[in-house]
Amino acid sequence: MGPRVVLRDKIKEHLLLQIQNGELKVGKTVNLAALSRATGISVTPIREALSQLEHAQVLQAIPNRGFMVAKLSKPEVKNLIEIVAQLEVMALEHSEFNLHEMTILKQLQSEMEASESLAEGLTARFKFHNHLAQHATNKVLLQILKDLKLRLHFYEYDFIQDFEFFKNLSIQTRSVVEAIQEDNVPTAALILRMHWMSILDHIGGQINVKKG
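The model shown is predicted, which means the values in this text are computed figures rather than measured ones.

What counts, and at which threshold
Residues numbered from 1 in each chain as written. Predicted model: local features only at pLDDT ≥ 70, side-chain atom pairs only at ≥ 80, totals over all residues. Heavy atoms only, no water. Axes fitted to C-alpha atoms, helices over the stretch in contact; angles between N-to-C directions. Helix = DSSP H or I, 4+ residues; strand = E, 2+ residues; numbered from the N terminus. Parallel < 35°, antiparallel > 145°, perpendicular 65-115°, else oblique. Contact = heavy atoms within 4.5 Å. Nonpolar A, V, L, I, M, F, W, Y, C, P; charged D, E, K, R; others polar. Pairing = 2+ DSSP bridges. Salt bridge = Lys/Arg side-chain N within 4 Å of Asp/Glu carboxyl O. Buried < 20%, exposed > 50% of the residue type's maximum accessible area, 1.4 Å probe, protein only. Left-handed = near helix turned anticlockwise from the far one by under 90°.

## Structural notes on the packing of helix H4 (residues 74-93) against helix H6 (residues 118-133)
Next up, step 1: Between H4 and H6, the least distance of the axes is 8 Å, while the angle of their chain directions is 50 degrees. Comparing their axes, H6 and H4 come out oblique. Each of Glu 88, Ala 91 and Leu 92 in H4 lies in contact with H6, whose residues at this interface are His 129, Leu 132 and Ala 133.
Next up, step 2: Residue classes in the contact of H4 with H6 are distributed as four nonpolar, one polar and one charged.

This is how it looks when you write it as structure tokens:
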């Protein structure tokens, strides 16, 4: 892996951290020069990283302004959640968890339930879902899922602002973990699909409220 590729990936990780912290939200401009100053990385690998995120439809190029976190219509959000749900369920169905991996999954689940704020909870949720899917054998599926979930995560920060709703999500994911522990993957997959559908209903409702 060449130095420029490493720097490009560092920029993507930097932006991902901003997403996890809730600092980078829908509609916010990402300026190439400012990002270079903040990270000390030259503009060439930054431009490559931003172009990759534009290709993944996470960012949108704005003439003379740089890049902006892309906005989605309600149908686009619905389609995105449905695809992420299908792919994550597929990844789960083709995964095997050893004792060490289950320990990590349970720890991340505990962090979600112990969260005292939405920002903290959504960060833990993002890590949980990444770990849940990352053991699938289909690497192409994982890359597609990673790009789509990165885009979706902006919308979770923007639209999941009800702490009680978030707590209900953590109860659902606890049930997913318990089913995996019991070696009942079909049940885990069913609960996971229902989990994503509840998010779809909630975000759909929030979009309608914001439009109103």
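There's plenty left to go through after this.
## Observations concerning the sheet that holds strand E2 (residues 59-62)
Next up, step 1: Ordered in space as E1-E3-E2, the three strands form an open sheet in which the pairing is antiparallel. Among the strands making up the open sheet, the edge pair consists of strand E1 (29-30) and E2.
Next up, step 2: With four bridges joining them, E2 and strand E3 (residues 66-69) adopt antiparallel strand pairing. Residue pairing across strands places Leu 59 opposite Val 69, the latter belonging to E3.
Next up, step 3: Contacting E1, E2 and E3, helix H3 (residues 43-55) crosses the sheet at an angle of about 115 degrees to E2.

## Focus on the pattern of salt bridges
Pairing between side chains of opposite charge can happen when their charged atoms approach one another.
Next up, step 1: For the structure on display, the rule yields four salt bridges.
Next up, step 2: Its salt-bridge partner being Asp 9, residue Arg 8 comes within 3.6 Å of it at the nearest N-O pair.
Next up, step 3: Residue class for Arg 8 comes out buried when judged on its relative accessible area of 17%.
Next up, step 4: Measuring nitrogen to oxygen at the nearest pair gives 2.6 Å for the salt bridge that ties Glu 82 to Lys 78. In this pair, Glu 82 and Lys 78 both sit in helix H4, four residues apart, roughly one turn of the helix.
Next up, step 5: The exposure class assigned to Glu 82 is partly exposed, which follows from its relative accessible area of 27%.

## Details of the pairing of E3
Next up, step 1: The pairing of E1 with E3 spans two bridges and is antiparallel. Each residue of the ladder has a partner; that of Thr 29, found in E3, is Met 68.
Next up, step 2: In this antiparallel pair of consecutive strands, E2 and E3, the connection spans three residues, and Asn 64 shows a positive phi of 65 degrees.

## Quick word on the environment of Ser 170
Next up, step 1: Within the secondary structure, Ser 170 is located in helix H8 (residues 163-181).
Next up, step 2: The exposure class assigned to Ser 170 is buried, which follows from its relative accessible area of 1%.
Next up, step 3: Along the sequence, Ser 170 and His 195 sit 25 residues apart, while their C-alpha atoms lie 9.4 Å from each other.
Next up, step 4: Contact partners of Ser 170, with chain neighbours within four places excluded, come to Gln 109, Met 112 and Glu 113.

## Let's talk about the packing of helix H2 (residues 32-39) against H3
To describe two helices that pack against each other, one gives the angle between their axes and the distance between the axes.
Next up, step 1: Contact geometry of H2 with H3 gives a least axis separation of 10 Å together with a crossing angle of 120 degrees. Overall, the two elements H2 and H3 adopt an arrangement that is oblique. As H2 runs across H3, the sense of the crossing is right-handed. Counting all contacts with H2, which are made through Leu 32, Leu 35, Ser 36 and Thr 39, the residues of H3 involved are Val 43, Ile 46, Arg 47 and Leu 50.

## Here's the deal with unusual backbone geometry
Next up, step 1: The phi torsion at Asp 183 lies on the positive side, around 60 degrees, for a residue other than glycine.
Next up, step 2: With respect to the element layout, Asp 183 can be found in the loop between H8 and helix H9 (185-211).

## What to know about the environment of Val 177
Next up, step 1: Inspection of the secondary structure assignment puts Val 177 in helix H8.
Next up, step 2: Note on Val 177: relative accessible area 4%, which makes it buried.
Next up, step 3: Setting aside chain neighbours within four positions, we find Val 177 in contact with Met 102, Leu 105, Lys 106, Gln 109 and Phe 128.

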